[in-house]
Amino acid sequence: MTNYSIIIPSYTVGPEAYKEVPVRCARYGKCAVVIGGQKAMAAAKEKLLEAVEGSSISIADFIVYGMEATFENAAVMEANPVVQEADMIFAVGGGKATDTAKLVALHLNKPYFAFPTLASNCAASSSVAIIYNPDGSFREFVHFLDSAAHVFIDTDIIARAPSEYLWAGIGDTYAKYYEVSISARDEILEHFLAMGVNMSRMCMEPLVNFGEKALADNRAGIASYELEQCALTIIITTGWVSMLVTRRHNMLYNGGIAHALFYALCDLPGFDETHIHGVVVGFGCLLQLVIDGDEEEYVKLREFNRRIGLPVTFSEIGITLDQLESVTDRILADEDVEHYPYPLTKEMIMKAAERLA
Ligand SMILES: [Zn+2]
């Protein structure tokens, strides 16, 4: 038996979530520095300053991380004396800003708190950062020992973010359920894996139940109950699931056909630049369900995708069956599908794709 640690961050959600900052952060020191995206910090600055006013916490500076989550941008901030002297880091923004701030926290060995300003991914609650090269191409995953000391989700700020982030985040998030549950099918799992696999259903259900209303409320700037439930699903549940459903005994449960399809299609010239990850991944779940012969779930998800405008055919993502056929080897070779309940074949993919053409 080997030792194993699981790290799950706590969170506060609501229209006044930042008011919890003094009580949650005081034990980590007195001085915080904010690292974030320009727009995100503009949206959060006033509320953050108001939240710490009169408390033991002070904010030394608000620093724009750059435009990309890179080691180079992190290094600039790591060399900044204001950042070096701060007791803790407040990561404010979307995935890239948060991941860059996490990198700075890791390198300078400081605790960090996450303040997601849009509901599109689980960067705020996961213990991995996705790092890019300065040209925007993928570089590597950086794994952390610690996750955020606490996550503060201000639903008023989330409600005012552009709804495209939530829209794409929905597809990427429900994929977690479809992908994780099929890779773990019929397996008796140890504690944390079993928790994560069971919890993964919560990456889908609230989105299918509340997603349409949440999107409408996001467009109207209303921090409704439905939007809050969807934000928690995308930001928190997915992060928890990905930390529980981790690679174990060299078996990867955290992936599936939807992601393998996206990465394979990115081999086609121009695809990556013109398609949003979560939108294609959301469609890819339909391919998985048709291959799997799960008619009931396929019909349910297809109807949901139609209602919220996510694609339901290859032609809607601009892909012909010939183009798909040219990347099927790449799909089958992807590590996302290496742990699957049955062997996948090119014929299975193409037969299912005919129905989704
Ligand atoms: Zn994804």
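Quantities reported herein were computed from a predicted structural model and do not represent experimental measurements.

1. Quick look at the overall build of the chain
Then step 1. Helix and strand counts for the chain come out as 17 helices and 8 strands.
Then step 2. In terms of C-alpha radius of gyration, the chain reaches 20 Å, essentially the compact-globule figure of 21 Å for 357 residues.
Then step 3. The proportion of buried residues among the 357 residues of the chain is 48%.
Then step 4. Once local pairs closer than 6 in sequence are excluded, the contacts in the chain between residues at least 24 apart make up 77%.

2. Let's talk about the domain arrangement of the chain
Then step 1. Partitioning the chain into structural domains gives domain 1 (11-160) and domain 2 (163-355).
Then step 2. Computed over C-alpha atoms only, the centres of domain 1 and domain 2 are separated by 27 Å.
Then step 3. Each partner contributes to the interface: domain 1 provides 20 residues, whereas domain 2 provides 23 residues.
Then step 4. Listing elements by their share of the side of domain 1 that touches domain 2, those giving two or more residues are β1 (11-14), β8 (151-154) and α6 (155-160).
Then step 5. Considering every element that reaches the side of domain 1 that touches domain 2, the biggest residue donor is α6, with 5 residues.
Then step 6. Of the residues assigned to the side of domain 1 that touches domain 2, the class counts are 12 nonpolar, 6 polar and 2 charged.

3. Points about the packing of helix α13 (residues 277-292) against helix α14 (residues 295-308)
Then step 1. At a minimum axis distance of 9 Å, the contact between α13 and α14 shows a crossing angle of 160°. Accordingly, the angle class assigned to the pair α13 and α14 is roughly antiparallel. Read as a crossing pair, α13 and α14 show a hand that is left-handed. Contacts from Gly282, Cys285, Leu286, Leu289 and Val290 in α13 reach Glu297, Tyr298, Leu301, Arg302 and Asn305 in α14.

4. Points about unusual backbone geometry
For residues besides glycine, phi is generally negative; the peptide bonds are generally trans as well.
Then step 1. One non-glycine residue with positive phi stands out, namely Asn109, at about 55°.
Then step 2. Looking at where Asn109 falls in the secondary structure, it is placed in the loop between α5 (95-108) and β5 (112-116).
Then step 3. Notably, Asp186 is not glycine yet its phi reads approximately 65°, a positive angle.
Then step 4. As for its placement among the helices and strands, Asp186 is situated in the loop between α7 (163-183) and α8 (191-199).
Then step 5. Exposure remark for Asp186: the 5 C-beta atoms within 10 Å place this residue in the exposed category.

5. A word on the pairing of β5
Then step 1. The element β5 is extensively covered by neighbouring structure, given that 5 of its 5 residues are classed as buried.
Then step 2. Neither face of β5 is left uncovered, since the one carrying Tyr112, Ala114 and Pro116 and the one carrying Phe113 and Phe115 both have all their residues buried.
Then step 3. Pairing of strand β4 (residues 88-93) with β5 involves 5 bridges; the strand directions are parallel. Along β5, the bridge assignment pairs Gly93 with Pro116.

6. Remarks on the packing of α7 against helix α9 (residues 205-220)
Then step 1. Two numbers describe how α7 lies on α9: the axes approach to 9 Å, and their chain directions differ by 170°. When the axis of α7 is compared with that of α9, the two are roughly antiparallel. Judged by the twist between their axes, the crossing of α7 over α9 is right-handed. Two secondary-structure elements touch here, α7 through Ser163, Leu166, Trp167, Ile170, Thr173 and Tyr174 and α9 through Leu207, Val208, Gly211, Ala214, Leu215, Asn218 and Arg219.

7. A word on the nonpolar core
Then step 1. Ile35, Ile89 and Ala91 are the most contacted members of the largest nonpolar core, which totals 117 residues.
Then step 2. Residue-level mapping places this core at the junction of two domains, with at least three residues from each of domain 1 (11-160) and domain 2 (163-355).
Then step 3. Contacts of Ile89, omitting those with residues within four sequence positions, involve Val33, Ile35, Ala101, Val104, Ala105, Lys110 and Tyr112.

8. A closer look at the environment of Cys203
Then step 1. Mapped onto the secondary structure, Cys203 falls in the loop between α8 and α9.
Then step 2. A residue is classified by how many C-beta atoms lie within 10 Å of it, and Cys203, with 26 of them, is buried.
Then step 3. In sequence terms Cys203 and Thr237 are 34 residues apart; their C-alpha atoms lie 6.2 Å from each other.
Then step 4. Residues contacting Cys203, with those up to four places away along its chain left out, are Thr173, Tyr174, Lys176, Tyr177, Thr233, Thr237, Thr238 and Val241.

9. Here's the deal with α14
Helical geometry note: an α-helix holds 3.6 residues per turn, so side chains three or four residues apart project in the same direction.
Then step 1. Its 14 residues place the ends of α14 20 Å apart at the C-alpha level, agreeing with the 20 Å of an ideal helix rising 1.5 Å per residue.
Then step 2. The complete set of buried residues in α14 reads Tyr298, Leu301, Phe304 and Asn305. Axial view of α14: buried residues confined to an arc of 135°, hence all on one face. Residues of α14 that are exposed and point over 90 degrees away from its buried face: Glu295, Glu296, Val299, Glu303, Arg306 and Arg307.
Then step 3. Looking one or two places after α14, you find Gly309, whose phi comes out positive at around 80°.

How each quantity is defined
Residues numbered from 1 in each chain as written. Predicted model: local features only at pLDDT ≥ 70, side-chain atom pairs only at ≥ 80, totals over all residues. Helix = DSSP H or I, 4+ residues; strand = E, 2+ residues; numbered from the N terminus. Rg over C-alpha atoms; globule rule 2.2 N^0.38 Å. Buried ≥ 20, exposed ≤ 12 C-beta atoms within 10 Å, placed from the backbone. Contact = placed C-beta atoms within 7 Å. Domains from an automatic or database assignment. Nonpolar A, V, L, I, M, F, W, Y, C, P; charged D, E, K, R; others polar. Axes fitted to C-alpha atoms, helices over the stretch in contact; angles between N-to-C directions. Parallel < 35°, antiparallel > 145°, perpendicular 65-115°, else oblique. Left-handed = near helix turned anticlockwise from the far one by under 90°. Pairing = 2+ DSSP bridges. Core = buried A, V, L, I, M, F, W, Y, C linked by C-beta atoms within 7 Å. Expected span 1.5 Å × (residues − 1). Arc of directions from axis to C-beta.

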